[in-house]
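Residue strings, one per chain:
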Amino acid sequence: MGKVSCFLTTLLFAASFASAQEKPHDMDHMQHSHDGFMQGHMHHAVAKGVLLAQSDDGQQITLRIGPLHLPAHTSHMKMPQPADLVWKVPISGWLLAYHPKLVDASGGAVPGIVLHHVAFWNEDRPDFLCANKEEHIFGAGSELTDWAEIPGFGYRVEQGDKIRVETMVHNPTATSYDAAYLEVTIPYRDAGGAPVKSAYPAWMDVTSCGHSGYDLPAGLSEKSGDVIVKYDGALLGVGGHMHDFAKQLTLEDATQKAAVATLDAKVDEKGQLISMPVKTFFEQGGYKLAAGDQLKITATYDNTTGKTLPDGAMGIVVGYFVPVDDAAIARLRRKPAAIAKN
Ligand SMILES: [Cu+2]
C-alpha cells in the first residue's frame, strides 16, 4: 500500500493555466495509494528530533522539516515517522502557492521518492463541505507536486492559524540519507498589500465525508457518494485522485441534473495509473454551483488482479471553490482537537 497523499489536483489546473511550462509529470502523478488522507489507522514508530523551522523574506515563507534519517531499503511501515508538526502561520493574508523540495544537510538534492506524502491541514478551520474534517490545504507525494499560483486567488490565513503538517517518509532506494530536509516554499500576499480573492480547497469524495480509502473489488466496479454544497459559488476547475486500475471519475450536480466534469483515467497496460486529467472552468468565470446543490461523485475501476485489494481505491474530485459571499466561508472555525488524531 501506499505512497502518496491525496493531494490536490488543484494545482493541476492551476498549472494548466498559470504556468504553461509546468512539467506534465507534475500534473499527473496520483497513482499511489496512500494512507495520508485521514490517516487515523496507521501506527508507526515516531522519529525523534524532527523539527519544523521557518524563514520569511517578506514575500515567501520557507518551511524546513527535518532532519529526516532515511536508511536505504526501508518501507514506510518500518521507518520511524515524524510526529505531526504544527506550523503557526506568522502572517495574516493569503498563501498563494506551495513549492516542495527535498535537500540534504548541505543543500544537495534528495530524490522525491523518499517522500511518501506530506499533507497540510488547517486545525482551526473545518472543511467547508465536510465539517467533520479539517481543511486540507496542501498535499504532495513522491512526485513533489508543485502547487502553482492561480493569479488573483489565494488561501486566506490569519496570523496564529495552526497548520498541522503530516509527513510520512520511506526509502525504497539503495542509498541511505542521513539528514534529509523537506522544504516547502510558500509565496504569500500580506493582508496589507493588494488583496486577492479567497479560494477554498474542495474535496469531493466517493465516500462522501468518510475515510477516503475503500476496498477495491475484482473486476469492474463503481462507487458513488455525494455531498451538499451549502454556499453559492463557483468551481475554478477540478482534477481527480484515483489509484491503480482507475477508469473514470465523474462529478455531477444531481440537483441541476448536469454533468460537471468527466475525468478519464490514463493507465498503462498493467493498469497502473499514469495520470488523471484536469478540467478548468476558470476561463468562463467558473462552474456555478448553488447553495443546496447535491453533488454526486462516481469512481469506476477495473481491477484486473482477480482479487479484492484492501483499501486499494480512492475516488476524489479536487478543486478550488470561490464563494459568492466570502464571509460565509471565511468565518468558519473549528474547536481545537475536535478530530481525533493517532
Ligand atoms: Cu489516494
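The rules we used
- Residues numbered from 1 in each chain as written.
- Predicted model: local features only at pLDDT ≥ 70, side-chain atom pairs only at ≥ 80, totals over all residues.
- Heavy atoms only, no water.
- Helix = DSSP H or I, 4+ residues; strand = E, 2+ residues; numbered from the N terminus.
- Buried < 20%, exposed > 50% of the residue type's maximum accessible area, 1.4 Å probe, protein only.
- Contact = heavy atoms within 4.5 Å.
- Areas by Shrake-Rupley, 256 points an atom, 1.4 Å probe, with all protein chains shown as cover.
- Pairing = 2+ DSSP bridges.
- Axes fitted to C-alpha atoms, helices over the stretch in contact; angles between N-to-C directions.
- Phe/Tyr/Trp six-rings, centres within 6.5 Å; stacked < 30°, edge-to-face > 60°.
- Core = buried A, V, L, I, M, F, W, Y, C linked by side-chain atoms within 4.5 Å.
- Salt bridge = Lys/Arg side-chain N within 4 Å of Asp/Glu carboxyl O.

> Please explain the overall build of the chain as it appears in this structure.
Summing up its helical and strand segments, the chain has two helices and 26 strands in all. A total of 342 residues make up the chain; the buried ones form 57% of that total. The long-range fraction of contacts in the chain, counting pairs at least 24 apart against all pairs at least 6 apart in sequence, stands at 83%. When the accessible surface of the chain is summed, it comes to about 13,700 Å², and 53% of that surface belongs to carbon and sulfur atoms.

> How should the sheet that holds strand 9 (residues 134-140) be read in this particular structure?
Picture the strands of a sheet paired through backbone hydrogen bonds; they go either parallel or antiparallel. Strand order in the open sheet formed by four strands is 5-11-8-9, and the pairing between neighbours is antiparallel. The two strands at the open ends of the sheet, each matched to only one other strand, are strand 5 (85-88) and strand 9. The mean angle between the axes of side-by-side strands here comes to 25°, regardless of whether they run parallel or antiparallel. When strand 8 (residues 115-126) meets strand 9, the two strands line up antiparallel, connected through six bridges. Considered in strand 9, the bridge of Trp 121 is made with His 136.

> Before we go on, may I ask you to explain the packing of aromatic side chains in this structure?
Any aromatic ring pair is given by two values, namely how distant the centres are and how the planes are angled relative to each other. Counting across every chain of the model gives 11 aromatic pairs. With a centroid separation of 6.5 Å and an interplanar angle of 85°, the aromatic rings of Tyr 214 and Tyr 301 are classed as edge-to-face. With a gap of 87 residues between them, Tyr 214 in strand 15 (residues 214-216) and Tyr 301 in strand 24 (residues 294-303) connect regions that are remote in the sequence. Its relative accessible area of 11% is what places Tyr 214 among the buried residues.

> Which parts of the structure should I look at to understand the pairing of strand 26 (residues 315-323)?
Working note: regular strand, side chains alternate between the two faces of the sheet. Burial analysis of strand 26 places nine of its nine residues in the buried class, the great majority of the element. Side chains Gly 315, Val 317, Gly 319, Phe 321 and Pro 323 project from strand 26 onto one buried face, and the interleaved Ile 316, Val 318, Tyr 320 and Val 322 project onto a second face that is buried too. Pairing analysis gives six bridges linking strand 14 (residues 200-205) to strand 26, with the strands arranged antiparallel. Opposite Asp 205, over in strand 26, you have Ile 316 as the bridge partner.

> I'm lost on the nonpolar core in this one. Help?
Among soluble globular proteins, nonpolar side chains are generally buried collectively. Trp 87, Leu 95, Tyr 98, Phe 120 and Phe 138 are the most contacted members of the largest nonpolar core, which has 42 residues in total. For this core, the elements supplying multiple residues, two or more each, are strand 3 (60-70), strand 5, strand 8, strand 9, strand 10 (153-157), strand 11 (162-169), strand 12 (177-190) and strand 26. Sorting elements by how many residues they give to this core places strand 12 first, with six residues. With sequence-adjacent residues up to four places away left out, Phe 138 is seen in contact with Tyr 98, Pro 100, Val 118, Ala 119, Phe 120, Thr 145, Trp 147 and Val 184. Among the nonpolar cores identified, the runner-up in size contains 37 residues, and Val 229, Leu 235, Leu 251 and Ala 328 belong to it.

> Would you mind going over unusual backbone geometry with me for this structure?
Comment: phi is negative for the bulk of residues other than glycine, and the bulk of peptide bonds are trans. Put simply, Gly 66 and Pro 67 share a cis peptide bond, and its omega is -5°. Assignment of secondary structure puts Pro 67 in strand 3. Of note, His 73 is a non-glycine position whose phi angle comes to about 50°, a positive value. As for its placement among the helices and strands, His 73 is situated in the loop between strand 3 and strand 4 (81-82). Look at His 73 and you get exposed, because its relative accessible area is 61%. Even without being a glycine, Asp 311 presents a positive backbone phi close to 55°. One can find Asp 311 in strand 25 (residues 309-313).

> What am I meant to see in the pattern of salt bridges here?
Side chains carrying opposite charge are able to pair once their charged atoms draw close together. Under the defined criterion, the tally for this structure stands at nine salt bridges. One continuous salt-bridge network, built from bridges that share partners, spans Asp 84, Glu 134, Arg 164, Glu 166 and Arg 334.

Bear in mind that shape data such as this cannot, by itself, settle questions of function.
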